[in-house]
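Results of the structural survey
Residue strings, one per chain:
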Amino acid sequence: MKAKILFLFIATSIFVACNQGSQKTNNEQVKNEITQNPNLKLQIYYFHATHRCPTCNSIEANIKQVLESNFKNEIEQGIINFTVLNVEDAENKNLAEKFQATGAALHLVDIENGTEKDNDLTKYAFSYSRKQPDVFLKGMNDTINYFIK
């Protein structure tokens, strides 16, 4: 019984920590990037709350590492756009609702002929980013390559 209570407490603590966040990006700015950039093939959103757990921080850091190491040209050419959004900021409310992000969430939006297809990789990110970063980095690299080719 004590083990169940302890597990429930830990699980709740992690959930609360992960559903809190920190950076600001204007929701209108993101919408304009998608509609006005004809080169854009992949929009990556990382949502977070004001207060973040170590896993939440690792997801953002690892995505940035993959992009800076392997996709610098694609970012400069506007093929890939990476946006970090705090779900607690009022200006991000509509976008957070669109992707049902109430805390930490990772979405890769494939854009083809003006049509957006959402790919929610939140579970994958939480499973691998912190404890198996090499798996996460390779998986993200392969996934991004798939969407931009």
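Conventions used here
Residues numbered from 1 in each chain as written. Predicted model: local features only at pLDDT ≥ 70, side-chain atom pairs only at ≥ 80, totals over all residues. Heavy atoms only, no water. Core = buried A, V, L, I, M, F, W, Y, C linked by side-chain atoms within 4.5 Å. Buried < 20%, exposed > 50% of the residue type's maximum accessible area, 1.4 Å probe, protein only. Helix = DSSP H or I, 4+ residues; strand = E, 2+ residues; numbered from the N terminus. Contact = heavy atoms within 4.5 Å. Disulfide = S-S within 2.5 Å. Salt bridge = Lys/Arg side-chain N within 4 Å of Asp/Glu carboxyl O.

If you look at the biggest cluster of nonpolar residues, it comprises 24 residues, and the most contacted ones within it are Ile44, Ile80, Leu106, Leu108, Met140 and Ile144. Mapped onto this core, the elements with two or more residues apiece are β1 (42-48), α3 (54-70), β2 (80-86), β3 (105-112) and α7 (133-148). Excluding residues that lie within four positions of it along the chain, Ile144 makes contacts with Leu42, Ile44, Val66, Leu67, Phe71, Ile80 and Leu108. Grouped together as the second largest cluster of nonpolar side chains are 13 residues, Tyr45, Leu95, Ala96 and Ala101 included.

What follows is about the state of the cysteines. What we call a disulfide is simply a covalent bond connecting the sulfur atoms of a pair of cysteines. Under the counting rule described, the total for this entry stands at zero disulfides. The cysteine Cys56 is free of any disulfide, with Cys53 supplying the nearest cysteine sulfur at 3.2 Å.

The next subject is the pattern of salt bridges. Tallied over the full model, the rule gives five salt bridges. Residues Glu60 and Arg52 are paired through a salt bridge, measuring 2.5 Å at the closest nitrogen-oxygen approach. The partner of Glu60 in a salt bridge is Lys64, and the shortest N-O contact between them spans 2.9 Å. Of the two residues, Glu60 and Lys64 are both situated in helix α3; the distance of four residues between them amounts to about one turn of the helix. Overall, Lys64 belongs to the partly exposed group, its relative accessible area being 30%. A single salt-bridge network, built from bridges that share partners, covers Arg52, Glu60 and Lys64.

Everything listed here is a matter of coordinates, which is why it stays silent on function.
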